[in-house]
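Geometric and topological summary
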Amino acid sequence: MDKFTTLTSTIVPLPLENVDTDQIVPARFLKAVSKEGFGDNLFRDWRFDKEGNKIPSFVLNDPTYAGQILVAGKNFGSGSSREHAAWAIAGYGFRVVVSSFFADIFKGNALNNGILPVVVSPVFLTSIFESVAKNPAMTLTVDLEQQQITNNATGQSEYFEINAYKKDCLLQGLDDIDYLLSRKAIIETYEKKR
């Protein structure tokens, strides 16, 4: 995984609540076991019509919006526990997803795949949507070390929570296996003492 420290980026606003994993990546695309290509099917049924043509009104098809931060409405990632939803988000190029609430399993899958889920207050979330409506080129800054997200259009910041272990993994660019391997000498020393 790539290291994550601080990211400043424009955003893609998706002000919809209760977006579940089947909407993030429909079940018919879950046959693959490799992460490759899942970004192409992110929000597939919202991005394309039945003939495979782009739906211009959907935010990912609107050239006005781009960036590495997806800002979604409350209750993002509910539904089934499919890790493919996180694969699709990462494969599309998002590094951060912001919402006022995430389903726990989605949150874990996101962190395991190098995506930082940032939980903000409903008031802060509303301010982001208001800012991007006024200026689509507005940016957010996400500082993982300080656990702070800043709306650069207003200057408002908010602290966010993250599991200390997962924070360390993201800062170092390690998945769970890499983390264990980085502690190999400590583990071997412990084993010899037993």
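Everything in this summary refers to the structure shown in the same document. What you are looking at is a predicted structure, and each value in this text was computed from that prediction instead of being measured.

Definitions and cut-offs
- Residues numbered from 1 in each chain as written.
- Predicted model: local features only at pLDDT ≥ 70, side-chain atom pairs only at ≥ 80, totals over all residues.
- Heavy atoms only, no water.
- Core = buried A, V, L, I, M, F, W, Y, C linked by side-chain atoms within 4.5 Å.
- Buried < 20%, exposed > 50% of the residue type's maximum accessible area, 1.4 Å probe, protein only.
- Helix = DSSP H or I, 4+ residues; strand = E, 2+ residues; numbered from the N terminus.
- Contact = heavy atoms within 4.5 Å.
- Polar contact = N/O pair within 3.5 Å; in protein donor to acceptor, adjacent residues only side chain to side chain.
- 1 Å grid on protein atoms, 1.4 Å probe; cavity = no way out; pocket = protein on both sides within 12 Å on 5 of 7 lines; lining within 4 Å.
- Points joined across faces, edges and corners; volume = space filled by probe spheres on them.
- Nonpolar A, V, L, I, M, F, W, Y, C, P; charged D, E, K, R; others polar.
- Pairing = 2+ DSSP bridges.
- Axes fitted to C-alpha atoms, helices over the stretch in contact; angles between N-to-C directions.
- Right-handed = clockwise from strand over helix to strand, strands pointing away.

Notes on the nonpolar core
Ranked by internal contacts, the top residues of the largest apolar core, which has 26 residues, are Ile24, Phe43, Phe76, Ile89 and Phe106. Put simply, the parts of the chain that give this core at least two residues each are strand E1 (6-14), strand E2 (69-72), helix H3 (84-92) and helix H4 (104-112). Looking at this core, the element that brings in the most residues is H3, giving five residues. Those residues in contact with Ile89 that lie beyond four places of it in its chain are Ile24, Leu42, Phe76, Phe94, Val97, Phe106 and Ile115.

Things to note about helix H6 (residues 164-172)
By the burial criterion, the buried members of H6 are Lys166, Lys167, Cys169, Leu170 and Leu171. Those residues of H6 that are buried are in contact with H4, strand E4 (116-119) and helix H7 (176-182). Backbone nitrogen of Tyr165 and a side-chain oxygen of the N-cap are separated by 2.8 Å at the start of H6; the cap is Asn163. The positive-phi residue at the C-terminal boundary of H6 is Gly173, with phi of around 75°.

What to know about empty space enclosed by the protein
In the structure shown here, the tally under the stated rule is one cavity of 30 Å³ or more. Considered as a void within the structure, the largest cavity measures approximately 30 Å³ in volume. In this structure, the largest cavity is lined by Met1, Leu111, Asn112, Lys166, Cys169, Leu170, Leu174, Asp175 and Asp176. Of all elements in the fold, only H4 and H6 reach the threshold of two or more residues within the lining of the largest cavity. Broken down by element, the lining of the largest cavity gets its largest block of residues, three residues, from H6.

Digging into the layout of surface pockets
Volume-wise, the largest pocket comes out at about 320 Å³. Around the largest pocket, the lining is made up of 17 residues, and of these Met1, Lys35, Ala90, Asn113 and Gly114 lie nearest the centre. Of the residues contributing to the lining of the largest pocket, the split by class is four nonpolar, seven polar and six charged.

Here we look at the sheet that holds E2
Reading across the sheet, the seven strands line up as E4-E3-E2-E1-E5-E6-E7 and stay open at both edges, with mixed pairing between neighbours. Unpaired on one side and paired on the other, E4 and strand E7 (156-159) mark the two borders of the sheet. For this sheet the average axis-to-axis angle between neighbouring strands, irrespective of direction, equals 30°. Sheet analysis places E2 next to strand E3 (residues 96-99), joined by three bridges and oriented parallel. Counterpart to Val71 in the pairing with E3 is Val98.

With respect to the pairing of E4
Pairing between E3 and E4: four bridges, direction parallel. The residue of E4 that forms the bridge with Ser99 is Val119. For the segment spanning E3, H4 and E4, crossover handedness is right-handed.

Concerning the environment of Lys54
Its place among the elements puts Lys54 in the loop between helix H2 (44-47) and E2. A relative accessible area of 54% means that Lys54 is categorised as exposed. Between the alpha carbons of Lys54 and Lys3 there is a distance of 33 Å; along the sequence they are 51 residues apart. Residues within four places of Lys54 in sequence aside, it is in contact with Arg47, Phe48 and Asn61.

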